[in-house]
Amino acid sequence: MVRKLLIAGNWKMNGLLAEGADLAKGIAGEVKKMGKLPCEFLVCPPFTLLTTVKKSLRGAKVALGAQDCHFADKGAHTGDISPAMLKDIGCQYVILGHSERRANHGETSELINVKAQSAYRNELKAIICVGETLNERDAGRAVEVCTKQILDSVPESATYQNTVIAYEPVWAIGTGKVPTTKDVAEIHAAIRKTLARKLGKSNANRMRILYGGSVKPSNAAELLSLDDVDGALIGGASLKVEDFIGIAKNACKC
Ligand code: PGA
């Protein structure tokens, strides 16, 4: 089954206008130089940079995504952004259920499920994140935790076309620590099995499952060569053009 690798940058809460434009222009320039692309590129800047980044990416095959959205299309939700607004501004993707939102904003899998359905209604692809904490891993519960998060967060209406999964062990995010390839392979296989149970084999076999957590150019080739790893969700290293592009070059041999 051929699944095109997705190299996705999660800029988190980083970048003022000028920095965002420079970073996007730098990425766009490098992607244009590559010619035929063996992977897809995506950047997810903060809301305030979406328009600027979209302009700066012009002419380059780099998709645009946001890092969260509300589940409603509009209404009395002070401080929130709707999927309709993201679509309107030119986004194709939205990250949902990142562990920083689960932990710091009390987001539950049930809420993420409703947000994903709303994303689909607005023709956005959802990148649904799952991952265990260090305590859960140490207790031998990583597979169980990720399986439950997939079952509860992924809507019945998810397909390989509207959904990407990201496995991001919480303890590997921004720490420089990375699970062994054996552990990554185990969780990705378990996630694909759970997706098959929930959405059918055909969807599960075609759905991309990204790995995220301290991905950098030096570990990208090893992680992304695993059978069930279909790309990367990159935080810190996505803020430097050479690192972000270096990850893609090492992983996709482009
Ligand atoms: P990191 O973050 O690459 O800085 O570890 C990944 C993420 O949180 O998506």
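(A) Spotlight on the overall build of the chain. Within the chain, the secondary structure is distributed over 11 helices and 8 strands. Against the globule reference of 18 Å for 254 residues, the chain gives a C-alpha radius of gyration of 17 Å, in line with a compact fold. With the principal axes as the frame, the chain shows a C-alpha extent of 45 × 45 × 35 Å. Here the chain holds 254 residues, and the buried ones make up 54% of them. Considering only contacts within the chain whose residues lie at least 6 apart along the sequence, 73% involve residues at least 24 apart. Total accessible area computed for the chain in this model is approximately 11,600 Å², and 52% of it derives from carbon and sulfur atoms. Where the 34 positive side-chain charges of the chain centre and where its 27 negative ones centre are 6 Å apart.

(B) Quick look at the site of the ligand. Inspection of the region around the ligand gives 13 residues, with Lys-12, His-98, Glu-168, Gly-174 and Ser-214 positioned closest. Here an oxygen atom of the ligand and a side-chain polar atom of Lys-12 are 2.7 Å apart. Here an oxygen atom of the ligand and a backbone polar atom of Gly-236 are 2.8 Å apart. Coverage of the ligand by the protein amounts to 95% of the 280 Å² it exposes when considered alone.

(C) Highlighting the layout of surface pockets. There is about 510 Å³ of room inside the largest pocket. Along the wall of the largest pocket there are 23 residues; nearest its centre are Phe-47, Gln-67, Asp-68, Arg-101 and His-105. Looking at the lining of the largest pocket, the elements that each hand over two or more residues are α4 (99-104) and α5 (109-121). Tallying contributions element by element places α4 first for the lining of the largest pocket, with 3 residues. A breakdown of the residues in the lining of the largest pocket according to their chemical character gives 8 nonpolar, 8 polar and 7 charged.

(D) A look at the environment of Leu-42. With respect to the helices, strands and loops of the structure, Leu-42 is situated in strand β2 (residues 39-44). Overall, the relative accessible area of 0% leaves Leu-42 in the buried class. Remark: the alpha-carbon pair of Leu-42 and Leu-233, spanning 191 residues in sequence, is separated by 9.3 Å. Among all residues touching Leu-42, those that are not within four sequence positions of it are Leu-6, Ile-7, Ala-8, Gly-9, Val-62, Ala-63, Leu-64, Gly-65, Tyr-93, Ile-127 and Phe-244.

(E) Representation of helix α8 (residues 181-199). For α8, which comprises 19 residues, the first-to-last C-alpha distance of 26 Å matches the rise-based estimate of 27 Å (1.5 Å per residue) to within 8%. Within α8, burial applies to Val-184, Ile-187, His-188, Ala-190, Ile-191, Arg-192, Thr-194, Leu-195, Lys-198 and Leu-199. After α8 finishes, the residue Gly-200 shows a positive phi value of roughly 95°.

(F) Main features of the pairing of strand β6 (residues 163-167). Counting buried positions over the 5 residues of β6 gives 5, a clear majority of the element. Strand direction decides the pairing type here: β6 and strand β7 (residues 208-212), joined by 4 bridges, are parallel. Counted as the bridge partner of Tyr-167 is Tyr-211 from β7.

(G) Highlighting the nonpolar core. With 68 residues, the main nonpolar core has Ile-7, Ile-27, Phe-41, Val-43, Ile-165, Ile-191 and Leu-195 as its most contacted residues. The leading source of residues in this core is helix α11 (residues 241-252), at 7 residues. Those residues in contact with Ile-191 that lie beyond four places of it in its chain are Val-130, Ile-150, Ile-165, Tyr-167 and Ile-209. The next biggest cluster of nonpolar side chains, apart from the first, holds 13 residues, and it includes Leu-42, Cys-44, Ile-127 and Ala-166.

(H) Layout of α5. For α5, spanning 13 residues, the distance from its first C-alpha to its last is 19 Å, which sits close to the expected 18 Å at 1.5 Å a residue. Looking only at α5, the buried set comprises Ser-109, Ile-112, Asn-113, Lys-115, Ala-116, Ser-118, Ala-119 and Tyr-120. Structurally, α5 contributes buried residues whose contacts are with α3 (83-89), β4 (93-96), α4, β5 (125-130), α7 (142-153) and β6.

(I) Region of interest: the environment of Ala-232. Counting through the fold element by element, Ala-232 comes out in strand β8 (residues 231-234). With relative accessibility at 0%, the residue Ala-232 sits in the buried group. Leave out the neighbours within four places in its chain, and Ala-232 touches Leu-6, Ile-7, Ala-8, Leu-210, Tyr-211, Val-215 and Leu-224.

Rules used throughout
Starting afresh in each chain, residues are numbered from 1 along the sequence in its written order. With pLDDT at 70 or above as the cut-off, local features in this predicted model cover only qualifying residues; side-chain atom pairs require 80 or more to be listed or tallied, and sums for whole chains, interfaces and linings still use all residues. As a convention, hydrogens and water are excluded, and side-chain values are obtained from all of the structure's heavy atoms. Going along the chain from the N terminus, every DSSP run of H or I of four or more residues is numbered as a helix, and every run of E of two or more is numbered as a strand. Taken over C-alpha atoms, the radius of gyration is set against a globule rule of 2.2 Å times the number of residues to the power 0.38. The buried label applies to any residue whose accessible area, calculated with a 1.4 Å probe on protein chains only, is under 20% of its type's maximum; exposed applies above 50%, and partly exposed to all values in between. A contact between two residues is defined here by any heavy atoms of the two lying within 4.5 Å. For the area figures, the Shrake-Rupley method with a 1.4 Å probe applies, and any residue is considered shielded solely by the protein chains shown. Charged residues are defined here as Lys and Arg on the positive side and Asp and Glu on the negative side; His and the ends of the chain fall outside this count. For the purpose of locating charges, the reference atoms are NZ of Lys, CZ of Arg, CG of Asp and CD of Glu. It suffices for a single heavy atom of a residue to lie within 4 Å of a molecule or strand for the residue to be listed as near it. Contacts described as polar in this section are N or O atom pairs within 3.5 Å, which, within protein, must combine one atom able to donate a hydrogen with one able to accept it, while residues neighboring in sequence count only if both atoms come from side chains. In this analysis a 1.4 Å probe is tested at points of a 1 Å grid over the protein atoms alone, and where it fits but cannot get out there is a cavity; an open set with protein on both sides within 12 Å along at least five of seven lines is a pocket; lining residues have an atom within 4 Å of a point. Grid points are joined across faces, edges and corners, and a volume is the space filled by probe spheres set on the points. Residue polarity follows a fixed list, in which Ala, Val, Leu, Ile, Met, Phe, Trp, Tyr, Cys and Pro are nonpolar, Asp, Glu, Lys and Arg are charged, and the others, Gly among them, are polar. Helix span is expected to be 1.5 Å times the residue number reduced by one. Pairing between strands requires that DSSP locate at least two bridges from one strand to the other. Only buried residues count toward a nonpolar core, which is a set of Ala, Val, Leu, Ile, Met, Phe, Trp, Tyr and Cys residues joined through side-chain atoms within 4.5 Å.

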